[in-house]
Every structure is written in C-alpha cells, then in structure tokens.
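# Residue-level structure breakdown
Here's the letter readout for the chains.
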Amino acid sequence: MSAGRPTRPPNSSWGQPLRLVLRLVVMGIGLGVITGTSLKLLAPRLAQGVGDAAEPKPELSKSRKGLSQGSFEPRTELTALSQRWGQLAAVHKDLTASGFLLVLDDGRYAQLQPDLPLPAASSIKTPILLAGLEDLDSGKLGWNDPLALTKELVGGGAGWMASRPVGTRFPFFEAATEMIRVSDNSATNLLIKKLGGKTVLNERFTAMNLPSTAVNNWLPDLNGTNTTSSRDLARAIALVDTGESLSPRARDLFREIMGKSRTNTLIPLGLLQGLGKDAADPDSELLSYGISTYNKTGDIGIAYSDAALIQLPNGQRAVAAFMVKGPFNDPRSTDLIRAMAGEVSKTLVGRK
C-alpha cells in the first residue's frame, strides 16, 4: 500500500543538480576575476618582455667604443728628432749608437740605425718575458710551474738565484719577475730552458718579426753574442700594448712585471733631464708631468741599452729603445742614451 512508503519531497530530483550548477557558476566567476586581475597586473611586464625580445635595448645594440690600442706602424717621421740623435751620436766617433721611437697612437717615429744588430745584454730579457707570457696565455705552462736550477743554468752577475743550491726549484712567476726586477741572469736562463732552449726561442723571435734578436749564449753573456736591435726591442713591447700578442690579463702581467724594474737611470732619467729636471727617483718625478715608464735596461760594460713603454701626458703611448756599444764601462755610453731620451721628452712633451 502506498501509505507504507515515505513521502518524496517536492522537486527533490532537481534540487541537487541545480546546487551543483550554481557552485560551478560561482567558481567560474571567481576564477575569471582572479585570472583577469592577474593578467591586468602582468600585462605591462609581459609587453616589455615581448618588446625586448623583438627589439634590443638601444644601449645593448650599440657597438662598444673605447681608446684605440694603436699599432706598430711608422707613418710620419719626426725628422728633426732623428737628425738630433744623429748629431749627438756623431760627437763620439768610437761609439756605435742606435735608436727608435714610435708613438703607437698616430705613427710618428724617429730613428737612428734602428735595424743594426748590437749586443743585447739584459735587454734580451724583454722579448724572453714576452715569449714566456705567450706560453702562459696559451696554457703551455702554468703560473706556478717549477723551474729547476741546474749547474748549466747558474748565471753570474746580477741576481740572487745563483746563490741557491743546484736543484732548487723556482715557480715560473718568480723567475719571470726576478728576471726583470733585479735582472737576475739565472732566472733568465731558467726561462730560456723552460721555453725550449736557444734554438726554439730564436725561431719564435723570428716569427714575432724580431729579425735581429737572438739568444746564442747563456746569460750573463759578457762577450755580447746575444743580439737585438732598437727596432726589435720597441716592437717587442708594442706587440703587448697593442693587443697583438697577449690577452688583456697577460698584458697586465707584462706591465706589472716591467713596472718592477729597479733600474731607472737611463730612459726614465733621460726623459726627466729633457724636461729640465733631475732627481734620485726619476719615475716619481715624471709622474708630476703625467709620464709613466715601463722599462728594462742592459749593461755588460761594452754595451748598454734600454727599452720602454712611455705613457705620455696627453694619453698617448710611445715605445722607445736605445743601444750603444763602446769602450768598457765608458760613461759616455750611458750619457748618450740619456741625451737621446731627453730629446724625446723635449719633442713629445716640452717643458712646464
């Protein structure tokens, strides 16, 4: 009988689906509001991102500009300076002199027998340093690679490494630094051996377009069998500073090591004297003129030399090298180098 069955609420079959639909509608509206708000907030950033991808920022698309590195390219001879060097050298008939100057930024140059091979003395250490840093740059050797002192490599004269026992091992960076800082001859021999020996090193000098530069004997080479020229010495320094040979990091190491050279009595003092000044520490005094020098000298009594990178007050850079061969320990040789350097500062800087 129907009286025994529970009574179904009216419209009960439609209530639950309607509630479900209502919930879905409310949730949809809520999600729509959230999504719309989020897109509104993100729209500027998204638009900027699309714009960046489609069109690079102006500052990034511009080519980077900076100071020119210059080049080893003689263009305009400073004839008066070349002639003045010739006049200074002609006074001393028994001295053989050579000189070369090049302003890397504009190609101005002066010369006096620049390709004449002369005894290199310790100035040979500059192209040796260049070769060593090239190998460091290429990964052929490491900054801390040990160099063992053998009896063959012990060199007399300048330096302190010769006083250490045979078999002592020096890291590459110490040998390279002491070779320039105190002109250590044993350190130089260590580098010559590490870089492959005399024959290999001479082949590299030829490849660097240093035709007059050759290592024929271990240092100190008092007989002057190792040779170079003033143009070669200037070019060796220019290869570094123009970026032709070394990376920026290796170039910085070259400058750092060259800046530690203790001897500043030739080109630096000559530059200062050309400006009408004299000082026990010419490097410091030159700074007041806006001049910096990075130089390496050579001295075996019968031959003297100096080569330098010169930073000028106007921001330009010049490379200069001078060599003189003459009687043993003749002070006229060093005086001549200073006099030629003095003419450089008179020409390129003038006087205050």
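Residues numbered from 1 in each chain as written. Predicted model: local features only at pLDDT ≥ 70, side-chain atom pairs only at ≥ 80, totals over all residues. Heavy atoms only, no water.

On average, residues of the protein score 88 in pLDDT, and 81% of them are at 70 or above. Taken as a whole, residues 43–63 scores under 50 in pLDDT and shows two contacts with residues more than four places along the chain or in a different chain. (pLDDT = per-residue confidence, 0-100. Contact = heavy atoms within 4.5 Å.)

On the secondary structure map, Asp241 appears in helix α8 (residues 230–241). According to the relative accessible area criterion, Asp241 is buried, its value standing at 6%. Reaching out from Asp241, the side chain makes a polar contact with the side chain of Arg255 at a distance of 3.0 Å. (Helix = DSSP H or I, 4+ residues; strand = E, 2+ residues; numbered from the N terminus. Buried < 20%, exposed > 50% of the residue type's maximum accessible area, 1.4 Å probe, protein only. Polar contact = N/O pair within 3.5 Å; in protein donor to acceptor, adjacent residues only side chain to side chain.)

As summarised here, the arrangement of the six strands in space is β1-β3-β2-β10-β9-β8, forming an open sheet in which the pairing is mixed. Edge positions in the open sheet fall to β1 (76–77) and β8 (292–299), since each of these has one partner strand only. Bridge count for β8 against strand β9 (residues 303–311) is eight bridges, and the pairing is antiparallel. Residue pairing in the sheet places Ser292 in a bridge with Gln311 of β9. Lying on the sheet, α8 is in contact with β2 (96–103), β3 (108–112), β9 and β10 (317–325); it crosses β10 at an angle near 155°. (Pairing = 2+ DSSP bridges. Axes fitted to C-alpha atoms, helices over the stretch in contact; angles between N-to-C directions.)

As a further point, take the pairing of β2. Judged by how many residues are buried, β2 sits mostly within the fold: seven of eight residues are covered. Bridge count for β2 against β10 is eight bridges, and the pairing is antiparallel. Along β10, the bridge assignment pairs Phe100 with Ala321. Both β2 and β3 contribute to a ladder of four bridges, which runs antiparallel. Paired with Leu101 across the strands is Ala110, a residue of β3. Remark: four residues form the turn of the hairpin made by β2 and β3, two consecutive strands paired antiparallel; Gly107 in that turn has positive phi of roughly 85°.

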